[in-house]
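# Examination of the molecular architecture
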Amino acid sequence: QQVEPFDYVIFGATGDLTMRKLLPALYNRLRMGQIPDNARIIGAARSELDRAAYVARAREALEHFLPADVFNSGLVERFLGHIHYVTLDSSKKGAQWDSLKTLLAGADPDRIRVYYFATAPQLYASICENLHEYGLITPRSRVVLEKPIGTNMATATAINDGVGQFFPENQIYRIDHYLGKETVQNVLALRFANPLMNAAWSAEHIESVQITAVETVGVEGRAAYYDTSGALRDMIQNHLLQVLCLVAMEAPDSLEADAVRNAKLAVLNALRPITEGTAAAETVRAQYTAGVIDGKNVPGYLDELGKDSTTETYAAIRAWVDTPRWKNVPFYIRTAKRSGRKVSEIVITFRPAATAMFGATPASNRLVLRVQPNEGVELRLNVKNPALDVFNLQTADLDTPIRMEGGMPFPDSYERLLLDAVRGDPVLFIRRDEVEAAWRWAEPILDAWKDGKVPMQTYSAGSYGPEQAVRLLAEHGDNWHETA
Ligand code: BG6
């Protein structure tokens, strides 16, 4: 359905995220008929461009980042007609703000305004201050904040305080695109709409949980950002902890934003702290060295960077959720750049049947939720081996793809989220206290790493990661899904 008319102001409009994700996502929503004719997308960035020059860049981005048939669907011109541009150094005051003000004043003052911050997070507070000073915050305005919200608790607090001075919490949308992924949301359906799963969803039946998000890409053009961030800040503090929350949370009373967020927050607050004393046992960090991916030689991280660095491109953590439901169940989380494959998945390993009936212990049931690619659900069961007269077991996989009707690919995770901000639905966005709870857990790990409590390992590009990550699981008799 079409959303209400809106003005979407994107700060950082010439940046990689806008070009790669935001514009293609909005274009796809236009193709689906969800964007009203008079809606406007207003790019704001420092580059001195006129509208035509920005529109030309937007067209190039769509052509580059969209499949050819989607780009050629005959709607590009119509989409580009929605786009405007203002040259603006958003952190500074000055006359430049007047052009944005004039543009916005051209529409009904009750119109929904979304201010999307695709800039460096250090700028969020000053942009808000300027929006306020130039009278651009209306009752129907909201901000969307991209991650990372800070690099630790102190910087996150400063950003949240800075933004919070000008926008109430219910007008702040902290985006985490993993929550926009269909199969991540499916954790809720699988758990709470299936009594069969729900009944087995606790330490009594579950032995361990694995959450993996590895990718083949390196740091691409983002080395300057990535080297100040690293795998833990870039992926674990936000995306993977959010996934962990959905797997581990108690049933929310409803799918209302606060019910879901309260349930997630309770999980974050129950994460066992990892300290200087335990970090070496519970965490692994590593950097990739040169290797081969898809038949191509790729350089190591330090060579790519052209300087020395202690930033990790791989992290694996054994986390514990200290609630009765998850007593002694390890949650293994890992993420990697320059892995041999791009996979995000959740793997639930159940306890094996406690029976002596079959001689050997039956294999554990294993539920795999494939977040991407090949979105789907897989369940390993034990069945009788039909080839033998004696009663021996073998495993069989129930495997169901989760697809759109007609086999269409899933919409990109940004699509829904961008319009949820227009609709005013915050359920898939992160509340301030969640960000802070996540930092409370992540920061001591970063401190322990900085203090050299956990040695930096290496792994060759294209491999599964360092040997130490295998040991993290082997200590409990577990193994990573790909080697199981
Ligand atoms: C982003 C990270 O948030 O997520 C990137 O900053 C990472 O480094 C990306 O590549 C992964 O997202 P996806 O959707 O491709 O798994």
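Below is a short write-up of the structure. Just so it is clear, the model here is predicted, and its values are computed rather than measured.

Cut-offs applied
Residues numbered from 1 in each chain as written. Predicted model: local features only at pLDDT ≥ 70, side-chain atom pairs only at ≥ 80, totals over all residues. Heavy atoms only, no water. Helix = DSSP H or I, 4+ residues; strand = E, 2+ residues; numbered from the N terminus. Expected span 1.5 Å × (residues − 1). Buried < 20%, exposed > 50% of the residue type's maximum accessible area, 1.4 Å probe, protein only. Arc of directions from axis to C-beta. Contact = heavy atoms within 4.5 Å. Polar contact = N/O pair within 3.5 Å; in protein donor to acceptor, adjacent residues only side chain to side chain. Phe/Tyr/Trp six-rings, centres within 6.5 Å; stacked < 30°, edge-to-face > 60°. Lys NZ or Arg CZ within 6 Å of the ring centre and 35° of its normal. Pairing = 2+ DSSP bridges.

### Here we look at helix H2 (residues 51-65)
The first and last C-alpha atoms of H2 sit 21 Å apart over 15 residues, in line with the 21 Å expected at 1.5 Å per residue. Those residues of H2 that fall on the buried side of the exposure criterion are Tyr-54, Val-55, Ala-58, Ala-61 and Leu-62. End-on view of H2: buried residues confined to an arc of 115°, all on one side of the axis. Opposite the buried face of H2, at more than 90 degrees from it, the exposed residues are Ala-52, Glu-60 and His-64. Where H2 is buried, its residues contact helix H1 (16-31), strand S2 (40-45), helix H3 (68-71), helix H4 (76-80) and strand S3 (83-87).

### Comments concerning the environment of Pro-426
Within the fold, Pro-426 resides in the loop between helix H15 (413-423) and strand S17 (429-430). Excluding residues that lie within four positions of it along the chain, Pro-426 makes contacts with Tyr-173, Ala-257 and Arg-261.

### Quick word on the side chain of Thr-283
Relative to the assigned elements, Thr-283 resides in strand S8 (residues 283-289). According to the relative accessible area criterion, Thr-283 is buried, its value standing at 2%. Side-chain polar atoms of Thr-283 contact the backbone oxygen of Ala-279, separated by 2.7 Å. In this structure Thr-283 touches Ile-274, Ala-316, Ile-317, Ile-445, Trp-449, Val-454 and Leu-472, once residues within four positions along its chain are discounted.

### With respect to the packing of aromatic side chains
In the structure shown here, the tally under the stated rule is 17 aromatic pairs. Aromatic pair Tyr-288 and Tyr-459: ring centres 6.2 Å apart, planes at 75°, arrangement edge-to-face. Residue Tyr-288 is located in strand S8, and its partner Tyr-459 is located in strand S18 (residues 456-460); the two are separated by 171 residues in the primary sequence. Given a relative accessible area of 2%, Tyr-288 falls into the buried group. Taken together, Phe-11, Trp-97, Tyr-115, Phe-117, Tyr-124 and Tyr-134 form an aromatic cluster joined through their ring pairs. Across the ring face of Trp-480, the terminal group of Arg-334 is positioned such that the distance to the ring centre comes to 3.9 Å.

### What to know about the sheet that holds strand S1 (residues 6-11)
Two pairing modes exist for strands in a sheet, parallel and antiparallel, and in both the strands are linked by backbone hydrogen bonds. Spatially, S3-S2-S1-S4-S5-S6-S17 is the arrangement adopted by the seven strands of the open sheet, whose pairing is mixed. Edge strands, defined here as strands with exactly one partner in the open sheet, are S3 and S17. Two elements, S1 and S2, share five bridges in a ladder whose sense is parallel. Residue pairing for S2: Val-9 is matched across the bridge by Ile-42.

### Focus on unusual backbone geometry
In this model, Lys-147 is joined to Pro-148 through a cis peptide bond whose omega is 0°. As for its placement among the helices and strands, Pro-148 is situated in the loop between strand S5 (141-145) and helix H7 (153-164). With an omega of -15°, the peptide bond between Gln-372 and Pro-373 qualifies as cis. Its place among the elements puts Pro-373 in the loop between strand S14 (366-372) and strand S15 (376-384). Non-glycine residue Asp-294 carries a positive phi angle of around 50°. Inspection of the secondary structure assignment puts Asp-294 in the loop between strand S9 (291-293) and strand S10 (296-298). A positive phi is found at Asn-328, a non-glycine position, where the angle reads about 60°. Considering the arrangement of structural elements, one finds Asn-328 in the loop between strand S11 (314-320) and strand S12 (330-336).

Remember that the coordinates give geometry; whether it matters functionally is a separate question.
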